[in-house]
Amino acid sequence: MPIAIRSLRNWCGALTALPLCACSTVGYYAHLAHGEAALLAARKPVARVLADPAADGRLKARLQLAQQARAFASERLALPRNRSYTNYADLHRAYAMWNVFAAPEFSLQPFEHCFPIAGCVAYRGYYTRERADAYAARLRARGMDTWVGGVTAYSTLGFFADPILNTMLRWDDDELAATIFHELAHQRLYVKGDTEFNESFATFVQREGLRQWRASRGLPADDDARQRHAEEFNRLVLDTRERLQALYASGLAPEAMRARKHAEIERLRTDHARLRDTQWAGDTSFDAWMDGEINNAKLLPFGLYHRWVASFDALYTKQHGDWAAFHAAAAAIGNADAATRARLLRELPAQVP
């Protein structure tokens, strides 16, 4: 997840001088500045942690692995070679940030938030769960669907040396390496105001990078069943989004549309349960997500993070697996205007046999 905040302190000072700027906006930028400053202050060089005889052995092992993945990212995936992920920071909390997603009751168009450097994004991040929940509550009071999701890592797009966070170590080794690849991909290429492009690009780099990382270490390909289940789950959710989009465009009266929306969400739960209990042999990986409230806002990240992954896969194939050429071709598409960019991405899968 990218968040560009290089000049927050300057923004906050300037914003206070603008009479038309809401106090809540000034307060939000101050919250971001304080949160990022606290994170940066917690950084320690990984080399210092590894040399500390009192440091936890498991922590050292995970950080050594992270450094290997960091080197692989630059040497083999043509991702930035800088100081990002060469420091470690323990935030003493479960997530680095909490993102608030929101959408109208009868729309899958995200409620966007626009920032001077990052452009418009489909979420708003907070360093505390309480602030995220409070903002989500204000949006719900305006009749919007909302969802608050925890974020284990984010990128400042190269403006700061992003550290490895304790929140990134909560998952397994593959997820740790994949997260580093994903966030460095945002530093390599970021198109202002196009969340779908940015997240799909980083997700492809993460997936293909992880496949190559495992191969380089003599490990077998990732569990086919787990990957297949993830893809099938994504397809279930995306199919639900498509049916809901058709419903919202139908012009039904609000009460009828609300009932149909509820029915589609229950269909998603039923379809998931059927797959879990039959073809997936009881795999409960997605139960926690399914058990919570499901609304338009909760469905948003699936379209944002996965819409163009197949297109970037095709682009990588067209470049014969040359990462530098792939990044250059992706940047050329990113430089096009929004309509042309979407058309080029849409056409890519058909161009690869």
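Everything discussed here concerns the structure shown above.
Residues numbered from 1 in each chain as written. Predicted model: local features only at pLDDT ≥ 70, side-chain atom pairs only at ≥ 80, totals over all residues. Heavy atoms only, no water.

Compared with the 36 Å implied by 1.5 Å per residue over 25 residues, the 36 Å span of helix α8 (residues 224–248) between its first and last C-alpha is a close match. Along α8, the residues classified as buried are His229, Phe233, Asn234, Leu236, Val237, Leu238, Thr240, Arg241, Leu244, Leu247 and Tyr248. Buried residues belonging to α8 abut α7 (195–216), α9 (254–277), α10 (287–291) and α11 (296–306). (Helix = DSSP H or I, 4+ residues; strand = E, 2+ residues; numbered from the N terminus. Expected span 1.5 Å × (residues − 1). Buried < 20%, exposed > 50% of the residue type's maximum accessible area, 1.4 Å probe, protein only. Contact = heavy atoms within 4.5 Å.)

Read from one edge to the other, the open sheet built from three strands follows the order β6-β3-β7, with strand pairing classed as antiparallel. With partners counted over all chains shown, the strands left at the sheet margins are β6 (124–126) and β7 (144–151), one partner each. When strand polarity is set aside, the average angle formed by the axes of neighbouring strands in this sheet is 25 degrees. Sheet topology places strand β3 (residues 97–104) next to β7; eight bridges connect them, and they run antiparallel. Bridge pairing in β7 links Phe101 to Trp147. Running at roughly 165 degrees to β7, helix α5 (residues 129–141) makes contact with β3, β6 and β7 of the sheet. (Pairing = 2+ DSSP bridges. Axes fitted to C-alpha atoms, helices over the stretch in contact; angles between N-to-C directions.)

Cysteine pairs can be linked by a disulfide, which is a covalent bond between their two sulfur atoms. Taken as a whole and judged by the stated rule, the model has one disulfide. Note that Cys114 is cross-linked by a disulfide to Cys120, the S-S spacing being 1.9 Å. Its S-S torsion of about 100 degrees marks the bond between Cys114 and Cys120 as right-handed, since a negative value means left-handed. A relative accessible area of 49% means that Cys114 is categorised as partly exposed. Of the residues examined, Cys120 reaches a relative accessible area of 22% and is grouped as partly exposed. (Disulfide = S-S within 2.5 Å.)

Spatially, three strands are ordered β1-β2-β8 in an open sheet, and the strand pairing comes out mixed. Edge positions in the sheet fall to β1 (44–45) and β8 (164–165), since each of these pairs with one other strand and no more. Where strand β2 (residues 87–89) meets β8, two bridges bridge the pair, whose relative direction is parallel. In the strand pairing of β8, Tyr88 is matched with Ile164.

This part takes up the pattern of salt bridges. The full count for this structure, using the stated rule, is 19 salt bridges. Of the charged contacts, one joins Lys261 and Asp145 as a salt bridge, the two residues approaching to 2.7 Å between their closest N and O atoms. With a gap of 116 residues between them, Lys261 in helix α9 and Asp145 in strand β7 connect regions that are remote in the sequence. Of the residues examined, Lys261 reaches a relative accessible area of 8% and is grouped as buried. The salt bridge partner of Arg274 is Asp271, with a shortest N-O separation of 3.9 Å. (Salt bridge = Lys/Arg side-chain N within 4 Å of Asp/Glu carboxyl O.)

Once that is clear, we can look at the side chain of Arg341. Looking at the secondary structure, you find Arg341 in helix α14 (residues 338–347). Apart from residues lying up to four places away in sequence, Arg341 is in contact with Val191, Asp194, Phe197, Ile333, Gly334 and Ala336.

Packing of helix α4 (residues 57–76) against helix α6 (residues 173–188) brings their axes to within 9 Å, and their N-to-C directions diverge by 40 degrees. The orientation of α4 relative to α6 falls into the category oblique. When you trace α4 past α6, the crossing you get is right-handed. Contact residues: Arg62, Leu65, Ala66, Ala69, Arg70, Phe72 and Ala73 in α4; Asp173, Leu176, Ala177, Ile180, Phe181 and Leu184 in α6. The residue inventory of the contact of α4 with α6, partitioned by class, reads 10 nonpolar, no polar and three charged. (Parallel < 35°, antiparallel > 145°, perpendicular 65-115°, else oblique. Left-handed = near helix turned anticlockwise from the far one by under 90°. Nonpolar A, V, L, I, M, F, W, Y, C, P; charged D, E, K, R; others polar.)

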